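Here is what each chain is made of, one letter per residue.
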Amino acid sequence: YQRRVRVTISTPSKTLRFLVYLGDTPGKTWESAYAQRERLTCEELVNINTGNFLVESGKELVANITQESRAYFWYMALADCETKMISIDSYTLHLTNPGGEWYQEFSYDEQGVAQYYLFFLVAYIILVVVHLWTIWTLVQMDSWHPIVRILTASIGLQFFAIICETIHYMVYLRDGVGQNGLKGLGELITMAAQLILMFLCILVSKGWTITTNVLTNKKPLLLTMGIFFLAYLALFIWDLVGRDPASTLYLYDSIPGIIVCVLRVILTGWFL
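Residues numbered from 1 in each chain as written. Predicted model: local features only at pLDDT ≥ 70, side-chain atom pairs only at ≥ 80, totals over all residues. Heavy atoms only, no water.

Undergrad: Which parts of the structure should I look at to understand the state of the cysteines?
TA: Each disulfide consists of a covalent bond between the sulfur atoms of two cysteine residues. As enumerated under the stated definition, the model contains one disulfide in all. Residue Cys42 pairs covalently with Cys81 via a disulfide, S to S 2.0 Å. Its S-S torsion of approximately -80° makes the covalent link between Cys42 and Cys81 left-handed. Placement of Cys42 in helix H2 (residues 42–48) and of Cys81 in the loop between strand S5 (73–79) and strand S6 (90–96) is noted, with a sequence separation of 39 residues between them. Just so you know, Cys201 is unpaired, no disulfide at all, and the nearest cysteine sulfur is the one on Cys261, 16 Å from it. (Disulfide = S-S within 2.5 Å. Helix = DSSP H or I, 4+ residues; strand = E, 2+ residues; numbered from the N terminus.)

Put into structure tokens, the structure is as follows:
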């Protein structure tokens, strides 16, 4: 698997080096360097790397990275062991993968996500059209049930979230940056849609407006949804500001993510 790194740095330093580290491997060059960054000397950290390139100010450096067995996480760092403070005027860094325009800007573990969102955008457009036609029919019959209204809110929010994230990934497809504000908004709205859908499942399990118009045990229900809301909020905040930029930890492998998964299992038991 061949990857390409393009970097251009403007710097007054003549000894600045661009380092490439390989992560998630038996050798664990990145994990070793990152864990010991406060203890090892500059020279020792430089010697751990997988690739070592001398930077020429203003000149583009192109490095081809070949992986013989499988895809790995790669990490980039700058080091100048001749000075205590690295001085950089400006830089550009562009990493690409093989596979053409649909894949080159995405990391190996995210390749195909743009097509995934396009597929579900089309699927949700069809779903929303059918659902709106159903709502119009129910309104004409004066039978727009409260359960259907709650479901409509969940579908509408999820549809808007998919639009936001599809726009992000279509832009990302071109520039490798995307619209992170839209992506974050989409993730937040997705969580809201999931909360509403879980609330709907609880109402259905209690037979509300199906076998009875009386909603019993309101306090436990509100408490449960409050806990879910706080857990989702903690998960979103952790992913937004609490995640280590060097971490490859999956969202639901974090402590807030594990709490959300456990709560979902408990909710499934309640629903059944």
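Undergrad: I tried to follow the layout of surface pockets on my own but got confused; where do I start?
TA: With a probe scaled to a water molecule rolled over the atoms, the places where space remains empty come into view. By volume, the second largest pocket amounts to about 280 Å³. If you go around the second largest pocket, you meet 13 residues; those closest to its centre are Tyr21, Leu45, Ala77, Leu78 and Ala79. Mapped by element, the contributors of at least two residues to the lining of the second largest pocket are strand S2 (17–23), helix H1 (29–35), H2 and S5. With four residues, S5 is the largest single contributor of residues to the lining of the second largest pocket. Classifying every residue of the lining of the second largest pocket by side-chain character gives 12 nonpolar, no polar and one charged. (1 Å grid on protein atoms, 1.4 Å probe; cavity = no way out; pocket = protein on both sides within 12 Å on 5 of 7 lines; lining within 4 Å. Points joined across faces, edges and corners; volume = space filled by probe spheres on them. Nonpolar A, V, L, I, M, F, W, Y, C, P; charged D, E, K, R; others polar.)

Undergrad: Can you help me understand a nonpolar patch on the surface in this one?
TA: A cluster of nonpolar side chains, Leu78, Ile86, Ile88, Tyr91, Leu93 and Leu95, forms an exposed patch at the surface whose accessible area comes to about 500 Å². At three residues, S6 tops the list of elements feeding residues into the nonpolar patch. Relative to the helices and strands, Leu95 is located in strand S6. (Patch = residues over 30% accessible without salt bridge, like charges linked within 9 Å, V, L, I, M, F, W, Y side chains within 5 Å. Areas by Shrake-Rupley, 256 points an atom, 1.4 Å probe, with all protein chains shown as cover. Salt bridge = Lys/Arg side-chain N within 4 Å of Asp/Glu carboxyl O.)

Undergrad: Help me understand the packing of aromatic side chains, please; the structure alone is not making it clear to me.
TA: To describe a pair of aromatic rings, you give the distance between the ring centres and the angle between the ring planes. Counting across every chain of the model gives six aromatic pairs. Plain terms: the ring middles of Tyr116 and Tyr117 are 5.1 Å apart, the flat faces sit at 90° to each other, and that makes the pair edge-to-face. Overall, Tyr117 belongs to the buried group, its relative accessible area being 14%. Summarising the aromatic geometry, the rings of Tyr117 and Tyr169 are spaced 5.2 Å apart at their centres and angled 25° between planes, so their arrangement reads as stacked. Here the residue Tyr117 occupies a position in helix H3 (residues 113–140), and Tyr169 occupies one in helix H4 (residues 146–175), the gap between them amounting to 52 residues. Residue Tyr117 shares its accessibility class with Tyr169, and that shared class is buried. Of the aromatic side chains, those joined through ring pairs into one cluster are Phe106, Tyr116, Tyr117, Phe119, Phe120, Tyr169 and Tyr172. (Phe/Tyr/Trp six-rings, centres within 6.5 Å; stacked < 30°, edge-to-face > 60°. Buried < 20%, exposed > 50% of the residue type's maximum accessible area, 1.4 Å probe, protein only.)

Undergrad: What is the right way to read the confidence of the model for the protein chain from this model?
TA: Of the residues in the protein chain, 94% have a pLDDT of 70 or more, and the chain-wide mean is 84. Least confident of the elements in the protein chain is H1, whose mean pLDDT is 77; most confident is H3, at 94. (pLDDT = per-residue confidence, 0-100.)

Undergrad: How do you make sense of the sheet that holds S5 when you look at a structure like this?
TA: The strands that make up a sheet are held in pairs by hydrogen bonds between backbone atoms, and each pair lies either parallel or antiparallel. Strand order in the open sheet made by the three strands is S3-S2-S5, with antiparallel pairing throughout. Pairing within the sheet leaves two strands with one partner each, and these edge strands are strand S3 (51–54) and S5. In this sheet, adjacent strand axes meet at a mean angle of 20° when their direction is disregarded. Taken together, the seven bridges between S2 and S5 define a ladder with antiparallel strand orientation. Its bridge partner being in S5, Tyr21 is matched across the sheet by Tyr75. (Pairing = 2+ DSSP bridges. Axes fitted to C-alpha atoms, helices over the stretch in contact; angles between N-to-C directions.)

Undergrad: Help me understand the nonpolar core in this model?
TA: Nonpolar side chains in soluble globular proteins generally cluster together in the buried interior. Leu195, Met198, Phe228 and Tyr232 are the most contacted members of the largest nonpolar core, which totals 20 residues. Elements supplying a minimum of two residues to this core: H4, helix H5 (180–205), helix H6 (218–242) and helix H7 (255–271). Sequence-distant contacts of Tyr232, defined by excluding residues within four places in its chain, comprise Met191, Gln194, Leu195, Met198, Val260 and Arg264. Counting 13 residues, the second-largest nonpolar core is a separate cluster that includes Tyr117, Leu121, Ile162 and Tyr172. (Core = buried A, V, L, I, M, F, W, Y, C linked by side-chain atoms within 4.5 Å. Contact = heavy atoms within 4.5 Å.)

Undergrad: Got a minute to help me understand the packing of H5 against H7 in this structure?
TA: When two helices pack together, their arrangement is given by the angle between the helix axes and the distance between those axes. Two numbers describe how H5 lies on H7: the axes approach to 9 Å, and their chain directions differ by 25°. One way to sum up the angle between H5 and H7 is to call them roughly parallel. Each of Gln194, Met198, Cys201, Ile202 and Ser205 in H5 lies in contact with H7, whose residues at this interface are Arg264, Leu267, Trp270 and Phe271. Classifying every residue of the contact of H5 with H7 gives six nonpolar, two polar and one charged. (Parallel < 35°, antiparallel > 145°, perpendicular 65-115°, else oblique.)

Undergrad: Mind showing me how you'd approach the environment of Val7 here?
TA: Within the secondary structure layout, Val7 lies in strand S1 (residues 2–10). Judged by its relative accessible area of 4%, Val7 is buried. With 88 residues separating them along the chain, Val7 and Leu95 place their C-alpha atoms 8.5 Å apart. Aside from chain neighbours lying at most four places away, what touches Val7 is Phe18, Lys59, Glu60, Leu61, Thr92 and Leu93.

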